[in-house]
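Chain and residue survey
Residue strings, one per chain:
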Amino acid sequence: MNVSPGAGYSSGMRRAACFLFGVVTFSCGGGGNNSTPEERDVSGNYALTYDNQLKIRLDVAGAVREVTQQGYGGIVDFGVVNGNPTTLDLTAFCAKPEVQCPSEAFWSKVAITQPDLKSSRLDLQKLVVVNDTQHTLDAGVRAASLAGLVDHNQDDRFILGLGAQGGSAGSCAAISISLAGGRFSRTGESTQTTMEPRSMAGRVCSLDAGVADAGTSDGGSDGGVPPGFLADGGVDCSLVPITRLVIPPGAKVDGIKEGKVFLGWAGGCAFGPILAGATVTFETGYTGSRSGNYDPPPFIEAPVVLPDGGADAGP
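1. Some words on the overall build of the chain
- If you tally the helices and strands in the chain, you get five helices and 16 strands.
- Buried residues in the chain amount to 43% of all 315 residues.
- Sequence-distant contacts in the chain: of pairs separated by 6 or more residues, those separated by 24 or more amount to 68%.
- Of the roughly 14,900 Å² that the chain leaves accessible, carbon and sulfur atoms contribute 52%.

2. Overview of the side chain of Arg183
- Within the fold, Arg183 resides in strand β11 (residues 179–186).
- Within the structure, Arg183 has its side chain in polar contact with the side chain of Glu189 (distance 3.0 Å).

3. Quick look at a nonpolar patch on the surface
- The grouping of Met195, Leu207 and Leu239 at the surface amounts to a nonpolar patch, some 290 Å² of accessible area in total.
- If you trace the backbone, Leu207 turns up in the loop between β12 (190–198) and β13 (238–246).

4. Quick look at the confidence of the model for the chain
- Averaged over all residues, the pLDDT of the chain equals 80, while 76% of them reach at least 70.
- When mean pLDDT is taken per element in the chain, strand β7 (residues 109–113) scores highest with 97 and helix α1 (residues 11–23) scores lowest with 40.
- For the stretch residues 1–31, pLDDT sits under 50, and the model shows 77 contacts to residues farther than four places along the chain or on other chains.

5. Considering the state of the cysteines
- For the structure shown, the criterion picks out two disulfides.
- Between the sulfur atoms of Cys94 and its disulfide partner Cys101 the distance amounts to 2.0 Å. The sign of the S-S torsion, about -85°, decides the handedness of the disulfide formed by Cys94 and Cys101: left-handed.
- Residue classification places Cys101 among the buried residues on the basis of a relative accessible area of 1%.
- Disulfide pairing places Cys205 opposite Cys237 at an S-S distance of 2.0 Å.

6. Concerning the packing of aromatic side chains
- The tally for this structure, following the rule as stated, stands at nine aromatic pairs.
- Look at Trp265 and Phe282: their rings are 5.2 Å apart centre to centre, the planes differ by 80°, and that puts the pair in the edge-to-face class. Of this pair, Trp265 sits in strand β14 (residues 253–266) while Phe282 sits in strand β15 (residues 279–292), placing them 17 residues apart in sequence. By the burial criterion, Trp265 is buried, and Phe282 matches it.

7. What to know about unusual backbone geometry
- Although it is not a glycine, Asp155 adopts a positive phi angle of roughly 60°.
- Relative to the helices and strands, Asp155 resides in the loop between β9 (145–151) and β10 (157–161).
- Note on Asp155: relative accessible area 29%, which makes it partly exposed.
- Positive phi is not limited to glycine here, since Asp156 has a value of about 60°.
- For Asp156, the position within the fold is in the loop between β9 and β10.

8. Let's talk about the nonpolar core
- Ranked by internal contacts, the top residues of the largest apolar core, which has 48 residues, are Leu88, Phe93, Phe106, Phe184, Trp265 and Phe282.
- Residue contributions to this core peak at five residues, all from β14.

9. Here's the deal with the pattern of salt bridges
- Enumeration over the complete set of coordinates arrives at eleven salt bridges.
- Between Glu258 and Arg183 there is a salt bridge, and its shortest N-O distance comes to 3.0 Å. Taken together, the residues Glu258 in strand β14 and Arg183 in strand β11 connect sequence positions 75 residues apart.
- The buried category is assigned to Arg183, whose relative accessible area is 4%.
- Through salt bridges with shared partners, a single network forms among Arg157, Arg183, Glu189, Lys257 and Glu258.

10. A short note on the environment of Asp59
- Tracing the backbone shows Asp59 in strand β3 (residues 53–60).
- By relative accessible area, Asp59 is classed as partly exposed at 27%.
- Discounting residues that sit within four places of it in the chain, Asp59 has contacts with Val64, Ala278 and Thr279.
- Reaching out from Asp59, the side chain makes a polar contact with the backbone nitrogen of Gly62 at a distance of 2.8 Å.

11. Topic: the pairing of β15
- Where strand β2 (residues 44–50) and β15 come together, six bridges link them in antiparallel fashion. Among the inter-strand pairings, Asn45 is bridged to a residue of β15, identified as Gly292.
- As paired elements, β3 and β15 share five bridges and run antiparallel to each other. Residue pairing for β15: Asp59 is matched across the bridge by Thr279.

Thresholds applied
- Residues numbered from 1 in each chain as written.
- Predicted model: local features only at pLDDT ≥ 70, side-chain atom pairs only at ≥ 80, totals over all residues.
- Heavy atoms only, no water.
- Helix = DSSP H or I, 4+ residues; strand = E, 2+ residues; numbered from the N terminus.
- Buried < 20%, exposed > 50% of the residue type's maximum accessible area, 1.4 Å probe, protein only.
- Contact = heavy atoms within 4.5 Å.
- Areas by Shrake-Rupley, 256 points an atom, 1.4 Å probe, with all protein chains shown as cover.
- Polar contact = N/O pair within 3.5 Å; in protein donor to acceptor, adjacent residues only side chain to side chain.
- Patch = residues over 30% accessible without salt bridge, like charges linked within 9 Å, V, L, I, M, F, W, Y side chains within 5 Å.
- Salt bridge = Lys/Arg side-chain N within 4 Å of Asp/Glu carboxyl O.
- pLDDT = per-residue confidence, 0-100.
- Disulfide = S-S within 2.5 Å.
- Phe/Tyr/Trp six-rings, centres within 6.5 Å; stacked < 30°, edge-to-face > 60°.
- Core = buried A, V, L, I, M, F, W, Y, C linked by side-chain atoms within 4.5 Å.
- Pairing = 2+ DSSP bridges.

So this is what it looks like as structure tokens:
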């Protein structure tokens, strides 16, 4: 999904971002405009460290096989698929010139900025990430960049599409759901857990009256059970632990947490024509530390690209 850059974002684009953030397990709420540019500022140079704990999934006609692998060496064995022993040589696959595995598609050193921070009051901001692996470039050479979205209203979580970046063409093109994401962390942040009333569906409720619009416990309408109550007469509400992120006022960004890179390819790229209709995906985690103020090498700003979640990003 390509989104043209601009100072503001349409309601459709916000809906698309909400949908996409949910796809990668990020929560999503309304994009407010009460924060200051200083509070929304996540710019800087960052050094990224990958855990290289790979989750590799092979999807053949909806049947998914998953293998966990440490590092990019060795052979991944998916067992017998469609009557054929199926393995993947990770070293050879990632060495293909037309393939970029996670730590290649999203770089080890990056410079990050928000070009619309001063002109847009929205919590949802354009995010530009520049490859800073090599800071000093020859004359006329420009570094690669990616652009996506960061939402200050959702603990500075961000998402970048890698479909146009993570592969070449034909059978080895990265599929459009490929992404990099994470959360910008802040100095002194902590988590706080409290016991709060929730229904079985996770809704806020009252311990005395349940949830007014929850319906019957079995989803039916003919059981004679009042809304918000259970079939045995109890209330559909109980205390459960709710964990929230607590950030001190004015805390500055110091790194990236909950980082994830997810890349996928058509099966033909990894296994040849025999599995051309399949898909193979890699997922790995990373963290980042802020190494200094925003100082990019020369680069050409990329347009905003989001993973293809099937949502309308139009006005």
